[in-house]
Each structure stands twice: as structure tokens, then as C-alpha cells.
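Summary of the model geometry
Given next are the chains, with one letter for each unit.
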Amino acid sequence: MDFRDRLIAKPGQTLRLSAIDPGDHADLKRHQEGEPLLRQALSRITDLQERLYAEKEQALLIVLQGIDAAGKDGVCWHVITAMNPQGCVVSSFKQPTDIERRHDFLWRVHQKVPAHGEVGVFNRSHYEDVLVARVHDLVPKQVWEKRYEAINRFEHLLVENRTRVLKFFLYISKEEQLERFAKRLDDKDRQWKISAADYAERELWDDYIAAYEAMLSHCSTDHAPWYVIPANHKWFRNLAVANIVLRTLEDMKIEPPAPTVDIQAIRQKYHEALVEEEREEGR
């Protein structure tokens, strides 16, 4: 099973989210069918990430975007958790600081790009500068319009440096968002996630959809494609993301480095130590 062809935002084409069902769950009828597939994918991801960390010749950058309550944190909990934190770093980009505003908009992002051997996860990313900045008129149109090409060049640079770039747009319906907000209100363990801005931003739903469509249309490229993940069903969201991460890691042909010691000599010493222990125990 490979969801990439099914869920990719095809480079060079204009994308309309109205043509995509956020409740889609492929050919799987219920979450019970997806659970064993997710477990298998996560187990394999764990193994491949360990190889990546040992190889230190390539890197993987995972970008998560989505409207409020789409499940970016959920993907981190249920998919990224398969990775050893020693080789995986999750970064989030909030409102720029004074220092960050005095640099180009990609300056703070480049500092968080994973080094070879690492997986980097952006929970919100450089795309905020063509989303929030656009919807809230934080910069003039002639400024954010130029950022699409700047982002494409930036991501091409990463790919040339052997960093794979995977971008996931988690897509939920407006009705599903409202239902998730309501559940947060009733769940004391999750009420901390509620903010007054959530409902204010919801009033700008159509503006955000237009901004996401432009982002997907301008910045899904052959070297760094976007995948639109139907996310109304959390179990399918997690499975789809895990599946695409797994297939990408497999395509990277990661090879652990050759040993730096004489393995045969080490084996001989180990054997000699066992013989000596047995001799001591027999006395």
C-alpha cells in the first residue's frame, strides 16, 4: 500500500480543496482495518530512522500544516513518536521575534533544518508567511506573492543537500473543526488548547482555504511535493502520514555505515572471554 499517488497535490496544477473529501479513508472501511497497518508502518519507520541516524548522509524534513484542530499535534503524538528523539527534532514557528523580523522570513527557518542523520518536523512552518501573513494582511500582497518562489528555491536547496522534504496539509471540514472545538470545551485535560482566537480565526475560514489552495498550487513541486491528507478521521490521517513517511524513507536507500573496527577480531576476543569465564566457573 502506497498512498502517495492518491494524495499528492500534483505539481504544476491548480488545486481546489472542494474537489477533495476530508472524510475520505481510501478503501479501508473502519479504523480496525487501519490499526495493524499503522503499527507495521511505525515499526518499520523506527528501524529506518535508526539507519538514517547511523548513516549521517541524508536528512528528512517533515512539514505539517493545517487549519486549527486539523491534527498537527496528533500526528506528532501518533506518528512521530515512532522515532528516537535523539535523532528527531520537532520545531514550531510562532509570531516572529524582534530579531527574526530584522532578517528575511526564511532566516529563522533555515536554522531549524535537520542535519544529515536527523529527521526534522515543522509543526507549522515557513508557510505561515503565505498563510497568516496573507489572511491578516501582515505584509502587502506584492511581498507575500514573491514568497512562493522564494520557498521553492529554499526547498530545492535543501533537496540538493540530500534533505528530503515531505509536506502534509491536514484537511478537515468546517463542521469537523467545530465538533473538535466542542470536545475540547468538555475535556478538562484538553481545555488548555482552547483560545479565543480559535473562534475568531474560524470566521476567516474561506480566506484560509483560498490561502491553502494557493500554497498547494504554487509550492507542490517535483522535488518537494505537498500531500493533502483527509483528516476528518484521525486514524486514517495517522495511517496516511505514516505510510508516506515510510515509503519515502524506503526510497532513500539508507545504508548503515561500515564498522570502524575489525569485527572478526572482536568476535575472537568475545569467544576467548566466554572460554575464560567457563574455565573460572568450573574451578
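Above this text is the structure in question.
The sections below set out a description of the structure shown in this document.

Thresholds applied
Residues numbered from 1 in each chain as written. Predicted model: local features only at pLDDT ≥ 70, side-chain atom pairs only at ≥ 80, totals over all residues. Heavy atoms only, no water. Helix = DSSP H or I, 4+ residues; strand = E, 2+ residues; numbered from the N terminus. Buried < 20%, exposed > 50% of the residue type's maximum accessible area, 1.4 Å probe, protein only. Contact = heavy atoms within 4.5 Å. Areas by Shrake-Rupley, 256 points an atom, 1.4 Å probe, with all protein chains shown as cover. Lys, Arg positive; Asp, Glu negative; His and termini not counted. Charge placed at Lys NZ, Arg CZ, Asp CG, Glu CD. Pairing = 2+ DSSP bridges. Axes fitted to C-alpha atoms, helices over the stretch in contact; angles between N-to-C directions. Core = buried A, V, L, I, M, F, W, Y, C linked by side-chain atoms within 4.5 Å. Phe/Tyr/Trp six-rings, centres within 6.5 Å; stacked < 30°, edge-to-face > 60°. Lys NZ or Arg CZ within 6 Å of the ring centre and 35° of its normal. Salt bridge = Lys/Arg side-chain N within 4 Å of Asp/Glu carboxyl O. Patch = residues over 30% accessible without salt bridge, like charges linked within 9 Å, V, L, I, M, F, W, Y side chains within 5 Å.

Our next topic: the overall build of the protein chain. Each helix and strand in the protein chain was counted, giving 12 helices and 6 strands. When its C-alpha atoms are laid out on the principal axes, the protein chain stretches across 80 × 45 × 35 Å. Expressed as a percentage of its 283 residues, the buried residues of the protein chain come to 46%. Counting only contacts in the protein chain whose residues sit at least 6 apart along the sequence, the fraction spanning at least 24 positions is 82%. Carbon and sulfur atoms make up 49% of the accessible area of the protein chain, which totals about 15600 Å². Of the charged side chains in the protein chain, 41 are positive and 47 negative, and the gap between their average positions amounts to 2 Å.

Let's shift gears to the sheet that holds strand 1 (residues 8-9). Pairing is mixed in the open sheet, where 6 strands are placed in the order 1-6-5-2-4-3. The strands lining the two open edges of the sheet, one partner per strand, are strand 1 and strand 3 (88-91). Where strand 2 (residues 59-66) lies against strand 5 (residues 163-171), 8 bridges are found, and the strand directions are parallel. From the neighbouring strand, L60 faces strand 5, where its bridge partner is R164. Running at roughly 150° to strand 5, helix 10 (residues 205-219) makes contact with strand 1, strand 2, strand 5 and strand 6 (226-230) of the sheet.

Further remarks concern the nonpolar core. One finds I62, F168 and V245 to be the most contacted residues of the largest nonpolar core, which totals 80 residues. Those residues in contact with I62, other than ones at most four positions away along the chain, are I80, M83, V119, G120, V121, F122, L166, F168 and V245.

A complete count under the given rule lists 10 aromatic pairs for this structure. Ring centres of Y127 and W226 lie 4.9 Å apart, and the angle between their planes is 70°; on these two criteria the pair is classed as edge-to-face. Of this pair, Y127 sits in the loop between strand 4 (119-123) and helix 6 (132-135) while W226 sits in strand 6, and the two are 99 residues apart along the sequence. For the pair Y127 and W226, a shared accessibility class is recorded, and that class is buried. Clustering of aromatic rings is evident, with ring pairs tying together F169, Y171, Y208 and Y212. The residue whose ring lies beneath K56 is Y53, and the NZ or CZ to ring-centre distance is 3.8 Å.

Inspection of every chain in the model, using the stated rule, returns 16 salt bridges. E250 is paired through a salt bridge with R44; the nearest N and O atoms lie 4.0 Å apart. Of the two residues, E250 is situated in helix 11 (residues 234-251) and R44 in helix 2 (residues 31-55); the sequence distance between them amounts to 206 residues. Classification of E250 by relative accessible area gives partly exposed; the value is 28%. In this structure, R180 engages E176 in a salt bridge whose closest nitrogen and oxygen atoms are separated by 2.7 Å.

On to a nonpolar patch on the surface. Together, L178, L185 and Y199 make up an exposed nonpolar region whose accessible area comes to about 260 Å². In this fold, L185 is placed in helix 8 (residues 174-186).

This part takes up the environment of N161. Position of N161 among the secondary structure elements: in the loop between helix 7 (141-160) and strand 5. You can call N161 partly exposed: its relative accessible area is 47%. As for N161 and A115, which are separated by 46 residues in sequence, their C-alpha atoms are 9.9 Å apart.

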